[in-house]
Amino acid sequence: MWEYNVLVCTVCLNDFACDCRWNERELRFVRTVRFTVEEINRDTKLLPGATLGYRLYNGCGSENLIRAAVEAVNGGNATSCKGQIQALLGHSSSGVSEDINLILSPLSILHVSHLSTCACLSDKRLYPTFYRTVPSDTFQILGLVQLMKYFDWRWVGIIYTKGLYAEEGVDKFIKVAIEEDICVEYAVKFYKTKNWNTVINTLTASTAKVVLLFMSLSYTKSFLSKMDDYNITGKQWVGSEAWITQTDLASVERKHILQGALGFALPQASIPGLGEYLLKLKPADEPQSTTVRALWEHFFDCSFTPSNTSAMCNGTEDLRTISSEYTDVTHFRTEINVYKAVYSVAYALHALLQCRNGSNPTTGKPCVSKDKVKPKHVSCIIITKTFFNNNIYLIFFFSSMKEDGSVEIVNIGLYDTSLPDGDKFQLLDTNIIWGGNNQKVCDMFTVVFHVKFSLYYDVFRLISCIGVFLSLLILIIFMTHKETPIVKANNSELSFLLLFSLKLCFLCSLTFIGRPSQWSCMLRHTAFGITFVLCISCVLGKTIVVLMAFRATLPGSRVMKWFGPLQQRLSVLMFTLVQILICILWLSTKPPFPKMNMMYYNDKIILECALGSAIGFWAVLGYIGLLAVLCFILAFLARKLPDSFNEAKLITFSMLIFCAVWIAFIPAYVSSPGKFTVAVEIFAILASSYGLLICIFVPKCHIIIFRPEQNSRKHMRVKIQARTL
């Protein structure tokens, strides 16, 4: 009989590390693993001729994590595990799961978690072997936002904690909330040992009536224990799934918090036989576990060692006679995820061992014998064969406090991702909500995004469209007269590319108008930076051509050989690639993001794009300024050189306008409050674009249309002869 082993990484199994000696929930998870493994091994149809084994590890602390990961790599402990370790199950914490997977993923070892919900762990580029049997926080956050939108709660506060679960969850919530016009007044971080005054002062001073408490169960217990000393009323509390259904948090002192608290959690599930299995636990079943002994002493107020204050434990006490988190077997929520996690590995091994006509029916690869199974084979099967349901079903709960301080969890709705968008959030009973909480708490605030309610919105859009039309019209004129001297002079390719880039400059101003979102905030600044560098690069190329053309007229000069059409194209490409690189660095480090600005008005919230990295923004702007100044200097030096159509003078005037606009932009941008900041940006973009378009191209169009006699070779020869006299 061949045995395949899995590592189970959890909290507080065999020691008192990390101050978690009484973690009843984790003990339930461990016992559920053992129950499931025993059930699988009794099934003659699943894994015939093989059994499933396990090894339990304390996943609390970096040393334990490294130890578990090393044993997974080395194949386990020969004294306790006969077969090689094929997968790792756990951990409950998202941060710990991240650390574990960073070690296991390069080695293609399957990692399945039952409770790590951070949406960040769904990134298969970073965590390719990570899977979970619990929904990611993305679905909970979408449900919470829909909940607040349903009750028209538009003005909320957030209290959260450090760690991957809370920090990533709150960041995602704020982004989604902004898209639904939900205003976040504050997001304050709670620590167990510091900044409590900051938290309590924020709560008492805020005007938000709805408070989202997004933190793990252990932090929630600490937070509520501190809140017992304060009588903060009039708040509608909304909880994350980590604690909202924990009835043991209830007490008479906490009635003002937990009464009417709302939140989502996993639905209840039935696991036949598990309840009885949990309750029949005896210390003799786990003789090496200090955790079981400690919990037993806590449960029955006894001691296994002689004591003057406690009775002696005999180890035969009945768990059915006490009430605790461990002995509450009326429902199973997270336990079903543990159950599924173990079965997912078993099913993967079962599928891997199938063989038909020399190949595996699932992978199509050659069959693998029982003694040749490797962790990478199991991980491959998980990827090929789907064992995890993509449809998420969350239950919407309402906490009803009784007079004795106990709490009743009432199911009043659901969030089902298998349903169409408009039907995902369903409320079953609205009568149970207290009318005072169902109010428009953001009535006195108006959410404004930039110039949405201003006449400038339509004006800027019209001016931008006119600029695009004029650029296109001039391009058509130049294309129809491309064989004439005025178009061919000074590289017609650069002229066409400059007109194309000017069209993009006018269009990029439109990205600054409208409701900010994550993508629009990133697009507007990068599009502006890249298109303007492309534009200035073309102008710079034309300026250098004027200088080179004059040098080429000198006897024996071959300078145009070194700056011909190919070199001109490469220079434009090189200058633009530098700006693209700057933008990539900006977006990959601290990209722009939508932000609610409440600094300037008492009755308005400005929804705007924060820069993310100020260094990135000013680097983009500074590079444009550097090219513009260089272009202006070269054009100014070449303004009196004898070219055919005053190209250098036209470029000098255009760059003078361009530089003047952007020099004036800097103080105006810094001093402009709120929505006027974007108006300043749009004005600068349009003004500088029109300056280039009018100064460089309008005089040439005037000659082409109204002075065709000047657009001839004969006129050019006469003009050149006149200058040489």
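Above this text sits the structure in question.
Predicted, not measured: the structure shown is a model, and the values here were computed from it.

Rules and cut-offs
- The residue numbers shown here count from 1 along each chain, following its written sequence.
- Local features in this predicted model are restricted to residues of pLDDT 70 or higher, and side-chain atom pairs are both shown and tallied only at a pLDDT of 80 or more, whereas totals for entire chains, interfaces and linings draw on every residue.
- Here the side-chain values reflect all heavy atoms present in the structure, with hydrogen atoms and water set aside.
- Disulfides are defined in this document as cysteine sulfur pairs within 2.5 Å.
- Between buried and exposed lies partly exposed: a residue is buried under 20% and exposed over 50% of the maximum accessible area for its type, with that area taken using a 1.4 Å probe on protein chains only.
- Only DSSP runs of H or I covering at least 4 residues are called helices, and only runs of E covering at least 2 are called strands; the numbering of each starts at the N terminus.
- To define a nonpolar core, start from buried Ala, Val, Leu, Ile, Met, Phe, Trp, Tyr and Cys residues and group those joined through side-chain atoms within 4.5 Å.
- We call two residues contacting when some pair of their heavy atoms lies within 4.5 Å.
- Pairs of N or O atoms are called polar contacts if they sit within 3.5 Å, as long as, within protein, a hydrogen donor faces a hydrogen acceptor (for residues adjacent in sequence, only side-chain-to-side-chain pairs).

**Student:** How do you make sense of the state of the cysteines when you look at a structure like this?
**Tutor:** If you walk through the whole model with that rule in mind, you get four disulfides. With a sulfur-sulfur separation of 2.4 Å, Cys-118 is cross-linked through a disulfide to Cys-120. For the disulfide bridge between Cys-118 and Cys-120, the dihedral angle about the S-S bond is near 130°, and by the sign convention the bridge is right-handed. Taken individually, Cys-118 and Cys-120 each receive the classification buried, so the pair is uniform in this respect. One disulfide bridge connects Cys-302 with Cys-313, the sulfur atoms lying 1.7 Å from each other. Looking down the S-S bond of the Cys-302 and Cys-313 bridge, the torsion is 100°, so its handedness is right-handed. One end of the pair, Cys-302, is in strand E11 (residues 302-303); the other, Cys-313, is in the loop between strand E12 (311-312) and helix H11 (334-352), and eleven residues separate them in sequence. Assessed through its relative accessible area of 6%, Cys-302 is described here as buried. Between Cys-535, a free cysteine, and Cys-505, which holds the nearest cysteine sulfur, the sulfur-to-sulfur gap is 4.6 Å.

**Student:** Looking at this structure, how should I read the nonpolar core?
**Tutor:** The tendency in soluble globular proteins is for nonpolar side chains to be buried side by side. Counting residues in each nonpolar core, the largest one holds 71 residues, and the members touching the most others are Phe-528, Met-655, Phe-658, Trp-662, Leu-692 and Phe-697. Of all the elements in the fold, those that place two or more residues in this core are helix H13 (455-480), helix H14 (485-488), helix H15 (492-508), helix H16 (518-552), helix H17 (565-589), helix H18 (614-637), helix H19 (647-671) and helix H20 (676-706). When residues in this core are grouped by element, the largest group, 15 residues, is from H20. The contacts of Phe-697, once residues within four sequence positions are left out, are Ile-474, Phe-478, Ser-495, Leu-498, Leu-499, Leu-502 and Leu-692. Ile-336, Val-342, Val-345 and Ile-382 belong to the second largest nonpolar core, which has 57 residues in total.

**Student:** Please clarify how helix H10 (residues 290-300) should be interpreted in this entry.
**Tutor:** For an α-helix, 3.6 residues make a turn, and residues three or four places apart therefore share a direction. Those residues of H10 lying buried are Thr-291, Val-292, Ala-294, Leu-295, Trp-296, Phe-299 and Phe-300. Contact partners of the buried residues in H10: helix H1 (24-42) and E11. A distance of 3.4 Å separates the backbone nitrogen of Thr-291 from a side-chain oxygen at the start of H10, and that oxygen is part of Ser-289. Two residues or fewer after H10 comes Asp-301, characterised by a positive phi angle close to 50°.

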